[in-house]
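Structure at a glance
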Amino acid sequence: MSRDCRCTFHTKRDFSLSKPVVLVAEELSPAGIAVLESDFEVRHTNGADRAQLLPAVADVDALIVRSATKVTAEVFEHARKLRVVARAGVGLDNVDVEAATKAGVMVVNAPTSNIVTAAEHAIALLLATARNVPQGHAALKKGEWKRSKYTGVELQGKTVGVLGLGRIGVLVAQRLAAFDMNVIAFDPYVQAARAAQFGVKLVSLDEVLRESDFITVHLPKTPETLGLIGDKELHEVKPSVRIINAARGGIVDEDALALALKDGRVAGAGIDVFTSEPCTDSPLFQFDNTVVTPHLGASTHEAQEKAGTQVARSVKLALSGEFVPDAVNVQGGAVAEDVKPGLPLAEKLGRIFTALAGGVPVRLDVVVRGEIAALDVKVLELAALKGMFADVIEESVTFVNAPLLARDRGVEVTLTTSEDSPDWRNVVTVRGTMADGAVVSVSGTLTGPKQIERIVEINGYNMELLPAAHMAFFAYTDRPGIVGVVGKLLGDLGINIASMQVGRDEKGGKALIALTVDSGITPDLLDGITKEIGADMGRRVDLDRD
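A brief look at the structure comes next. Nothing here was measured: the structure is a model prediction, and the numbers come from that model.

1. Concerning the overall build of the protein
On a plain count of helices and strands, the protein comes out with 17 helices and 22 strands. Its C-alpha radius of gyration of 25 Å places the protein within 12% of the 24 Å reference for a compact globule of 546 residues. The principal-axis extent of the C-alpha atoms belonging to the protein is close to 80 × 75 × 45 Å. Burial status across the protein gives 54% buried among its 546 residues. When contacts within the protein are restricted to residue pairs at least 6 apart in sequence, long-range pairs at least 24 apart make up 65% of them. When the accessible surface of the protein is totalled, it reaches about 24,000 Å², and 52% of it is carbon and sulfur.

The structure is reproduced here in structure tokens:
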């Protein structure tokens, strides 16, 4: 923890005194190398070879990797001078961000390097599926002239349903609108007015399934989206629909899609991602009306070039003490020591808020009360926003881009501070007003010498609950027996309740159960409990999900 100061970068570095060392552990674009060589000593190593990597990082200031190099806590132990790790790509699965943060090392990636590439590949799959391009190509190269067999369909005048209006989904929607298509979309975390700015009509998932001639998926993979397009949904679509998935494997159930294609309930599919990869054997491969590619969504020369130059510029900014737009784990500025322990709590509050709200608010208030209110606590607002979007946005959410995500979704954000806190030394509240006027809130504090996190308020009900990996919340009309029913339903499935608290406004009035369990609650089980107890609301959150 003594190295935490390295991630704040208070002063600019004078490169004339000594050249910082940047270690490039995997192939980087020539343009990216050129950006680095003007100011740094650039070294190279094979990051996939542990025996080469660990000695090589001992005296470097920055490390640049792609996907093959595993940047673990062991690497940080060997790299005592390291100040920034840069991933030349979008994902960070191979970088231990928590270990980096503890070591005071900034982590950056290239979150926008492949969004155009990914959007264009989805459209390529859509066009290829509509016009049977690969099938006709393969037949002709075999000497077969089959014009009538591969008759396709036009895009003009058709309805396309876009699942997810993140940056890639928006690019796809804008480009398909140019084909004179009617663009509708499902995304509970985007305001209708914001979607309308892109010429997109926001609708329910049922309406997308019912009305679309094409459906294209651009969602993150979460327990809520896993199997989102399954057997039930594929019985609700038009038999002429064509389904495109260039986002994440598993969002479209491959077995259910294969059955729908076999039964003629779906006219075609374009699939770039699979539940298990690499995938060389799938039930989808047997159908002539499917177009499949081996996860090529980010695979263009331009995307690789952008990734290289973006991370090179980020490294240059980080080592010179400048603000780093693509920083993942730090704000890029100094954070008071008394405020730092509250960052994980504020992020958890944001995640719990999203779970409780089930959508994006039109207004979000972050309220900080107590002694720390006298300090600069802007970073707590950023942490709450980061948590709010963490489980619903396909791209990485950072302290830097979280406010932009809020703005793009029409969320008005305010930070309020007060040194007056009658119940707790310090307390942070995340309160959101939804489009229908409903107010959702969650508050938390840190208690004792060990700064233990506690949830102390949920939707106006006083609680004292330790945040846990798996949590669930049920709002219902107060009456006897509800706690027993919930316990039995969970117990019958071998799910152990670690803690449970019940709050109510008055006897026979509104009540709320908040509980933590030792293992995750599936969406089906959550729905079952909600119906069984006649709850107005049933929500869950898995805080152990990165």
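2. What to know about the environment of Glu 26
Its place among the elements puts Glu 26 in the loop between strand E1 (21-24) and helix H1 (30-37). A relative accessible area of 17% places Glu 26 in the buried class. Ignoring anything within four residues of it in the chain, the contact list for Glu 26 reads Thr 45, Ile 64, Val 65, Arg 66, Ser 67, Ala 68 and Thr 69. Here Ser 67 takes part through its backbone nitrogen, which lies 3.4 Å from a polar atom of the side chain of Glu 26. Here Ala 68 takes part through its backbone nitrogen, which lies 3.2 Å from a polar atom of the side chain of Glu 26.

3. Examining the packing of helix H13 (residues 342-357) against helix H14 (residues 378-390)
H14 packs onto H13 with a crossing angle of 40° between their chain directions and a minimal axis gap of 6 Å. Judged by the inter-axis angle, H13 sits oblique to H14. In this structure, H13 meets H14 at a crossing whose hand is right-handed. Here Gly 342, Leu 343, Ala 346, Glu 347, Gly 350, Arg 351, Phe 353 and Thr 354 of H13 lie close against H14, whose contacting residues are Val 379, Leu 380, Ala 383, Ala 384, Lys 386, Gly 387, Met 388 and Ala 390. Here the contact of H13 with H14 is composed, by residue class, of 9 nonpolar, 4 polar and 3 charged.

4. Here's the deal with the sheet that holds strand E5 (residues 106-108)
Pairing is parallel in the open sheet, where 5 strands are placed in the order E2-E1-E3-E4-E5. The sheet is open, and its two borders are formed by strand E2 (41-44) and E5, each paired with just one other strand. Ignoring strand direction, the axes of neighbouring strands in this sheet form an average angle of 20°. Sheet topology places strand E3 (residues 62-65) next to strand E4 (residues 84-87); 4 bridges connect them, and they run parallel.

5. Examining unusual backbone geometry
Glu 277 connects to Pro 278 through a cis peptide bond whose omega is 0°. Here Pro 278 lies in the loop between strand E11 (268-271) and strand E12 (290-292). Positive phi values are uncommon outside glycine, yet Asp 180 reaches one of about 65°. Mapped onto the fold, Asp 180 is located in the loop between helix H7 (167-177) and strand E7 (182-186). The exposure class of Asp 180 is partly exposed, given its relative accessible area of 46%. Unusually for a residue other than glycine, Asn 459 sits at a positive phi of about 50°. Structurally, Asn 459 is set in the loop between strand E17 (452-458) and strand E18 (461-465).

6. A closer look at the nonpolar core
Grouped together as the largest cluster of nonpolar side chains are 51 residues, with contacts concentrated most on Ile 352, Phe 353, Leu 380, Phe 389, Val 442 and Ile 458. For this core, the leading source of residues is H13, giving 9 residues. Once residues lying within four places of it in the same chain are set aside, the contact partners of Ile 352 are Val 442, Ile 455, Met 471, Phe 473, Val 541 and Leu 543. Counting 30 residues, the second largest nonpolar core, distinct from the first, contains Leu 209, Leu 228, Val 241 and Ala 258.

The rules we used
Residues numbered from 1 in each chain as written. Predicted model: local features only at pLDDT ≥ 70, side-chain atom pairs only at ≥ 80, totals over all residues. Heavy atoms only, no water. Helix = DSSP H or I, 4+ residues; strand = E, 2+ residues; numbered from the N terminus. Rg over C-alpha atoms; globule rule 2.2 N^0.38 Å. Buried < 20%, exposed > 50% of the residue type's maximum accessible area, 1.4 Å probe, protein only. Contact = heavy atoms within 4.5 Å. Areas by Shrake-Rupley, 256 points an atom, 1.4 Å probe, with all protein chains shown as cover. Polar contact = N/O pair within 3.5 Å; in protein donor to acceptor, adjacent residues only side chain to side chain. Axes fitted to C-alpha atoms, helices over the stretch in contact; angles between N-to-C directions. Parallel < 35°, antiparallel > 145°, perpendicular 65-115°, else oblique. Left-handed = near helix turned anticlockwise from the far one by under 90°. Nonpolar A, V, L, I, M, F, W, Y, C, P; charged D, E, K, R; others polar. Pairing = 2+ DSSP bridges. Core = buried A, V, L, I, M, F, W, Y, C linked by side-chain atoms within 4.5 Å.

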